[in-house]
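# Structural overview
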Amino acid sequence: MTAPVIIAENLARHYVVGGGLFSKPQVVKALSEASFSIEPGKTLAVVGESGCGKSTLARLVTLIEEPTAGTLRIDGKAATPDTWASLRASVQIVFQDPYGSLNLRHRIGAILEEPLRINRPQMPAAERQAKAREMMALVGLRPEHYDRFPHMFSGGQRQRIAIARALMLEPKLLVLDEPVSALDLSIQSQVLNLLMDLQERLDLAYLFISHDLSVVRHMADEVIVMYLGRPVEYGTRDQVFEAPRHPYTKALLSATPTTEPHLRRERIKLEGELPSPLNVPEGCPFAPRCWKAQDLCRQTRPELGDGAHPAACHFPEGH
Amino acid sequence: MALLSIRNLSVEFATAAGPFRAVDGVDLTVDQGDVLAIVGESGSGKSVSMLAMMGLLPWTATITADEMSFDGRDIRRLSARERRKVIGRDMAMIFQEPMSSLNPCFTVGFQIKEALRQHLNLDRAQRHARAIELMDLVGIPAPEKRLSAFPHQLSGGMSQRVMIAMALACKPRLLIADEPTTALDVTIQAQILDLLSDLQKETGMALILITHDMGVVAETAQRVQVQYAGQKVEEQPVEGLFATPHHPYTAALLAALPERATTRRLPTIPGVVPGQYDRPAGCLFAPRCAKATEICHSTRAPVQGAELGLARCHHPVTQPEEATQ
Ligand SMILES: Nc1ncnc2c1ncn2[C@@H]1O[C@H](COP(=O)(O)OP(=O)(O)OP(=O)(O)O)[C@@H](O)[C@H]1O
Ligand SMILES: Nc1ncnc2c1ncn2[C@@H]1O[C@H](COP(=O)(O)OP(=O)(O)OP(=O)(O)O)[C@@H](O)[C@H]1O
Ligand SMILES: [Mg+2]
Ligand SMILES: [Mg+2]
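Residues numbered from 1 in each chain as written. Chains lettered and ligands numbered in written order. Predicted model: local features only at pLDDT ≥ 70, side-chain atom pairs only at ≥ 80, totals over all residues. Heavy atoms only, no water.

### Structural notes on the environment of Ala229 of chain B
Residues and elements named next belong to chain B. Mapped onto the elements of the fold, Ala229 is located in the loop between strand E10 (223–228) and strand E11 (231–237). Among the residues examined, Ala229 registers a relative accessible area of 6% and is labelled buried. Between the C-alpha atom of Ala229 and that of Leu154, which follows or precedes it by 75 residues, the distance is 35 Å. Discounting residues that sit within four places of it in the chain, Ala229 has contacts with Ser44, Val273, Pro274, Arg279 and Leu284. (Helix = DSSP H or I, 4+ residues; strand = E, 2+ residues; numbered from the N terminus. Buried < 20%, exposed > 50% of the residue type's maximum accessible area, 1.4 Å probe, protein only. Contact = heavy atoms within 4.5 Å.)

### Some thoughts on the state of the cysteines
Residues and elements named next belong to chain A. Counted by the stated rule, this structure contains zero disulfides over all chains. Here Cys290 stays unpaired: no disulfide links it, and the sulfur of Cys313, its closest cysteine neighbor, is 6.3 Å away. Cys297 takes part in no disulfide bond, and the closest cysteine sulfur to it belongs to Cys284, at a distance of 6.2 Å. On the basis of relative accessible area, Cys297 is assigned to the buried category, the value being 7%. (Disulfide = S-S within 2.5 Å.)

### With respect to the site of ligand 2
Residue and element names in this part refer to chain B. For ligand 2, the set of nearby residues contains 14 residues, the closest of which are Ser42, Gly43, Lys46, Ser47 and Val48. Gly43 has a polar backbone atom sitting 2.8 Å from an oxygen atom of ligand 2. Gly45 places a polar main-chain atom, nitrogen or oxygen, 3.1 Å from an oxygen atom of ligand 2. Against a free-state accessible area of 640 Å², the protein chains account for coverage of 67% of ligand 2. Mapped onto the shell around ligand 2, the elements with two or more residues apiece are strand E2 (18–30) and helix H1 (46–54). Counting residues per element, the shell around ligand 2 draws most heavily on H1, at three residues. A per-class count over the shell around ligand 2 returns five nonpolar, seven polar and two charged. (Near = heavy atom within 4 Å. Polar contact = N/O pair within 3.5 Å; in protein donor to acceptor, adjacent residues only side chain to side chain. Areas by Shrake-Rupley, 256 points an atom, 1.4 Å probe, with all protein chains shown as cover. Nonpolar A, V, L, I, M, F, W, Y, C, P; charged D, E, K, R; others polar.)

### A word on the layout of surface pockets
Residues and elements named next belong to chain B. In this model, the second largest pocket occupies a volume close to 750 Å³. Together, 25 residues line the second largest pocket, and Gly88, Phe95, Ala115, Gln118 and Met166 are the ones closest to its centre. Those elements that place two or more of their residues in the lining of the second largest pocket are helix H2 (80–86), strand E7 (91–94), helix H4 (108–119) and helix H7 (156–168). Sorting elements by how many residues they give to the lining of the second largest pocket places H4 first, with six residues. Here the lining of the second largest pocket is composed, by residue class, of 16 nonpolar, six polar and three charged. (1 Å grid on protein atoms, 1.4 Å probe; cavity = no way out; pocket = protein on both sides within 12 Å on 5 of 7 lines; lining within 4 Å. Points joined across faces, edges and corners; volume = space filled by probe spheres on them.)

### Concerning the confidence of the model for chain B
Residues and elements named next belong to chain B. Residues at a pLDDT of 70 or more form 97% of chain B, whose mean pLDDT is 89. By mean pLDDT, the top-scoring element of chain B is E11 (97), and the lowest-scoring one is helix H13 (residues 320–323) (59). Across the assembled chains, the prediction reports ipTM 0.84 with pTM 0.89. (pLDDT = per-residue confidence, 0-100.)

### Focus on the site of ligand 1
Residue and element names in this part refer to chain A. Near ligand 1 lie 14 residues; those nearest to it are Ser50, Gly51, Lys54, Ser55 and Thr56. For ligand 1, an oxygen atom lies 3.2 Å from a polar atom in the backbone of Cys52. One nitrogen or oxygen atom from the side chain of Lys54 is found 2.8 Å from an oxygen atom belonging to ligand 1. Contact with the protein chains hides 64% of the accessible area of ligand 1, taken as 640 Å² for the molecule alone. Within the residue set of the shell around ligand 1, elements represented by two or more residues are strand E1 (6–18), strand E2 (25–38) and helix H1 (54–61). Tallying contributions element by element places H1 first for the shell around ligand 1, with four residues. Among the residues forming the shell around ligand 1, the class breakdown is six nonpolar, five polar and three charged.

### Examining the domain arrangement of chain B
Where interface size is given, it is often the accessible area lost as the parts come together that is meant. Residue and element names in this part refer to chain B. Segmenting chain B into domains produces domain 1 (4–227) and domain 2 (243–323). When each unit is reduced to the centre of its C-alpha atoms, the spacing between domain 1 and domain 2 is 29 Å. With 13 residues of domain 1 at the contact, the number on the domain 2 side is 12 residues. The contact between domain 1 and domain 2 buries some 960 Å² in all, and 52% of this surface belongs to carbon and sulfur atoms. Among the residues of domain 1 in contact with domain 2, Asp24, Glu41 and Met214 are the three that bury the most area, contributing 48% of the side total. Summed over the shared surface of domain 1 and domain 2, the result is three salt bridges. Residue Asp24 is joined to Arg279 by a salt bridge in which the shortest nitrogen-to-oxygen separation is 3.4 Å. Inspection of the domain 1/domain 2 interface yields three residue pairs in polar contact (both at pLDDT 80 or more). Contributions of two or more residues to the side of domain 1 that touches domain 2 are made by E2 and E10. Counting residues per element, the side of domain 1 that touches domain 2 draws most heavily on E2, which supplies six residues. (Domains from an automatic or database assignment. Buried area = accessible area lost by both parts, 1.4 Å probe. Salt bridge = Lys/Arg side-chain N within 4 Å of Asp/Glu carboxyl O.)

As structure tokens, then:
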């Protein structure tokens, strides 16, 4: 077994909001108790409702923000404030919106070379340029694109540029935060294919965030399902999709519309709404919407636990 | 008689770089109780054709059509006053960007009640009650409290539901929903789609659904219309479209669905949609089409018969197997 590129243990991130003259500051628990590891060449997908903490996790893993609690080991080294700078090159991120994440006034060449200019200032300009051109070829951009501006590209091409830039420092782990959500179906498949090619060639590990379960099913080796800032299920792709254990995962899968009649399941209708992370209910956070909830669920929060396919539920499915 | 009938609709924008044809000869028919989905590449004119019908395009747009009628009345001939009466009451639209379509200066309660005041004969208390009922209908918790919220105090998904509540306020006979569920997660999306189907069954409301989500199309629509580069390239009942698409573009689009993939690498469509300057002389899809022959590059494609899904194609696909290649 190869050593994981990243090991996260009990990561948490809390935000303090409000706290004006007359209001008490409140704590948003955007993420709590996230533990996982990813090996080279593997993809861990993170799914869950809007606001459940997926992007927060992405920011912690890419060392953009410091965790409130928990530890992170990247490439065998503990991520602490003094190692951050040296580890940052190993984890890079690609965002959802290919337009918003590129500097529109820079040419593609300059956009790709910027990470090198900042992180490897001693590298000669000619070598930087050679590396940028090599990367363009790798992601399927043409040599003449080197001098063009972002607005001259299609959405799919812009996402290729963003991926190319993220790869310039030869990271071991790429965090992909909704990388294809803004793209057309026909362009989505180009970008997903590119990601699969790059993963095979460079042995990259991916943390793949998406709300599209059919994309996740196609890309992932393992899946974490999150609810209200906490992982509630963690398993291999087949475990999660074929035999979901948490009722929330089951509801999510049943509500995903499909074009294949034989994949359609009886849809589970959830009552109520995702509670606010400012006001997390006591007990199991999913209990107010869960059709199986009992008194125990409303009183005591179930732990995720360990094992091959853990689920944070007092009454998991399949038992 | 069809509820909505549009024939040969074209929209041309005057741009700094010359005229740009965003919609090119589109036909569209909707009967009472119909659920029609419109799908197609981003920029293929789906939103613009609907906005043209509602009279909501800027002055730079030139609209031409052989027919545009709602309930037997020519929409183009309506006076501004009559048009306002029809639009918003009989014909309502949920816009693609919910955030920018709500007025940030007024509470959502005010905005819903205002729609009710303009079109229905209700007193103040009745309007208040109906507004709460509508918010509840679209699954907004604690509706009384949310009536006094301003749009920026709601999440994306919540504003989208307020927009839906407003569109439903006057029980329209036709609802046009442009990407109504994109900011929602699948469990809430399912709830909204159920609500729309129920209304359609109970009141005979017709629904035009514009979406990129093929799963939503398959589970919600009765009929599907596919657009490419401003043209309608195919129209079929939903089962037929997913089983045997007749236009090579439709076939390629469906093949790109991850859930249909038979190999790890997904099928793609090479090339890009034609732009303002490189519009082909023949079939608009020819430069990207695996089946294109000489005639496709030189001559505009004919529209095939209904048995071939009205495919705008010289060589329509006829076998399901052919479609998945
Ligand atoms: N800087 C911040 N200050 C206060 N609250 C924050 C901050 N960043 C995120 N949050 C809150 O933390 C929670 C999780 O946010 P996050 O962006 O991680 O969600 P997400 O799962 O990525 O959602 P989406 O699918 O909509 O992108 C949300 O309730 C959000 O409002
Ligand atoms: N006011 C305008 N002036 C000039 N061109 C416009 C204007 N509004 C829209 N267009 C162009 O018309 C074309 C059709 O746009 P439309 O919004 O109908 O696309 P769409 O099919 O709805 O795409 P999407 O799926 O991305 O919403 C696009 O190329 C767009 O850039
Ligand atoms: Mg996010
Ligand atoms: Mg649109």
